[in-house]
Structures are given as C-alpha cells and as structure tokens.
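Chain residues, written in single-letter form:
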Amino acid sequence: MEETVTDTEVDVAFDEDGLVPAIAQDAETGEVLMLAYVSPEALERTRETGLAHYYSRSRDELWQKGKTSGHVQQIESVRVDCDADTLLYLVEQEGGACHTGHRSCFYRTIEGETVGERVFDPETVY
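Residues numbered from 1 in each chain as written. Predicted model: local features only at pLDDT ≥ 70, side-chain atom pairs only at ≥ 80, totals over all residues. Heavy atoms only, no water.

Some details on the overall build of the chain
- Along the chain, the regular secondary structure elements total 2 helices and 6 strands.
- Beginning at the N terminus, the succession of helices and strands in the chain can be written as β-β-α-β-β-β-β-α.
- If you line up the chain on its principal axes, its C-alpha atoms span 55 × 35 × 30 Å.
- For the chain, with 126 residues in total, the buried portion stands at 36%.
- Taking the intrachain contacts of the chain between residues at least 6 apart in sequence as the baseline, contacts between residues at least 24 apart amount to 38%.
- Surface summary for the chain: the accessible area is close to 8200 Å², and the carbon and sulfur share equals 45%.
- On the chain, the mean spot of the 10 positive side-chain charges and the mean spot of the 27 negative ones are 8 Å from each other. (Helix = DSSP H or I, 4+ residues; strand = E, 2+ residues; numbered from the N terminus. Buried < 20%, exposed > 50% of the residue type's maximum accessible area, 1.4 Å probe, protein only. Contact = heavy atoms within 4.5 Å. Areas by Shrake-Rupley, 256 points an atom, 1.4 Å probe, with all protein chains shown as cover. Lys, Arg positive; Asp, Glu negative; His and termini not counted. Charge placed at Lys NZ, Arg CZ, Asp CG, Glu CD.)

Following this line, the structure appears as structure tokens:
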C-alpha cells in the first residue's frame, strides 16, 4: 500500500524573545552565507515578498536583507528543522551576504586566515 503524505503548515517554535535562528544558504552552490534571527513578522514578510527578512537584535527592528546595499536574498525555499526551532533560507544571493564586503559571513578560519572572497567595498555601500 502506498503511503500518502499530507503537508501541513509547521508551527515554528520561536524562543522566549520571539525569535529563531535562520541560516541563509546559497540554493545553487550550498555555500553557507550567514546566520541571523527571524521574528514571526520577519518570516511573514519573507513569505509574502520572496525576499529575506530578518530581525536585528542590536537595532531591535525588522530588516530586509539588502535594502540598503542592494545585495538582496531572493528566497528559493524556506525549510524548518526537525524541532521547528531553526530555519534554513535557501536563497539566490545578489552580491555579498556579509556587511564586511565578503560573499559569506564565514570568510575566515578560527586561526584568522581569510578564506572567503570579498565582493564589494563596504565603505562605498554603507
């Protein structure tokens, strides 16, 4: 007998601050680009617009990735982990994901060696 799987909306388990971590990953290459936090409103805006939205803990506000720099993240898919407490944004990254000008926020080793590509000059963007 063939099993039928019915997809249902997943209830995301936001923490006591109303946030969950979200990893942005290049949908084509699999490169991990960044980690940020998402509020319910940020997730809703992401799903409505197809552009990645996050919640800035330091600024205490919702933000659209790339709104200032132009380096937006087009959402290919939003996935949720098994505990529903972490999101994975599979994205098409325009320009760099990191505010330092690098393609990925994970551009250096623990020893301090730069291993990632710098794709823009943050002095001219911000």
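Concerning the pairing of strand S1 (residues 20-26)
- With 5 of 7 residues buried, S1 lies mostly within the body of the structure.
- Relative to strand S6 (residues 87-93), S1 runs parallel, the two sharing 5 bridges. Pairing of Gln25 across the sheet is with Leu90, part of S6. (Pairing = 2+ DSSP bridges.)

Observations regarding helix H1 (residues 40-49)
- Buried within H1 we find Ala42, Leu43 and Thr46. Down the axis of H1, the smallest arc covering the buried residues is 100 degrees, so these residues share one side.
- On its buried face, H1 sits against strand S2 (32-38), strand S3 (53-56), strand S4 (61-64), strand S5 (73-80) and S6. (Arc of directions from axis to C-beta.)

Some words on the layout of surface pockets
- Here the largest pocket defines a volume of roughly 640 Å³.
- Counting only elements with at least two residues in the lining of the largest pocket, the list comes to S2, S3 and S4.
- When the residues that make up the lining of the largest pocket are grouped by side-chain class, the tally is 11 nonpolar, 7 polar and 5 charged.
- Approximately 180 Å³ is the volume attributed to the second largest pocket.
- Lining the second largest pocket are Thr8, Glu9, Val10, Val12, Leu43, Arg47, Val78, Arg79, Val80 and Leu87.
- Elements with a contribution of two residues or more to the lining of the second largest pocket: H1 and S5.
- It is S5 that contributes the most residues to the lining of the second largest pocket, 3 residues altogether. (1 Å grid on protein atoms, 1.4 Å probe; cavity = no way out; pocket = protein on both sides within 12 Å on 5 of 7 lines; lining within 4 Å. Points joined across faces, edges and corners; volume = space filled by probe spheres on them. Nonpolar A, V, L, I, M, F, W, Y, C, P; charged D, E, K, R; others polar.)

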